[in-house]
Amino acid sequence: MITDQLIIKNEKEKSTYTKDSTSESPKRSIAKSVSWRVVGTLDTIIISWLVTGTLSLAFSIGLVELVTKMVLYFFHERIWNSIKWGK
């Protein structure tokens, strides 16, 4: 595995999205986004509750954070998936 990564291939083969086994499907990126945001949002709600002392405010902050960061993460993943560096 390490030797495969160290060998530089001179092949100029064009890779398509369906042939590229290292790419993720958009559905997988969405599933990862959702699961990570659940963890992150619970963290935000707990921290917000500890800071504000108000559970309803903490849930409001968590809801806004959930939506915005899930969308940002999806596009972040898709952009990184198109970058060839490090693959």
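Okay, so let's go over this structure. It should be emphasised that the depicted structure is a prediction, and the values quoted were computed from it without experimental measurement.

Another aspect to go through is helix α2 (residues 26-52). For α2, built from 27 residues, the straight-helix expectation of 39 Å at 1.5 Å per residue is met to within 8% by its first-to-last C-alpha distance of 37 Å. Of the residues making up α2, those classed as buried are S29, S33, R37, G40, T41, T44, I45 and S48. Structurally, α2 contributes buried residues whose contacts are with α3 (55-82). Looking at the residues trailing α2, positive phi occurs at G53, about 75°.

Here the focus is α3. With 28 residues, α3 should reach 40 Å at 1.5 Å per residue; the first-to-last C-alpha distance of 40 Å fits that figure. Of the residues making up α3, those classed as buried are A58, G62, E65, E77, R78 and N81. Where α3 is buried, its residues touch α2.

The rules behind the values
The residue numbering used here restarts from 1 in each chain and proceeds along that chain's sequence as written. This being a predicted model, a pLDDT of at least 70 is required before a residue's local features are given, and a value of 80 or more before pairs of side-chain atoms are given or counted; all residues contribute to the totals for chains, interfaces and linings. Computation of side-chain values covers all heavy atoms of the structure but excludes hydrogens and water. Each helix is a run of H or I in the DSSP string that is no shorter than four residues. Each strand is a run of E no shorter than two, and both are numbered from the N terminus. One less than the number of residues in a helix, times 1.5 Å, gives the span that helix is expected to have. Each residue is placed in one exposure class: buried if its accessible area under a 1.4 Å probe, protein chains only, is under 20% of its type's maximum, exposed if it is over 50%, and partly exposed if it falls in between. By definition in these notes, contact holds between two residues if any of their heavy atoms fall within 4.5 Å.

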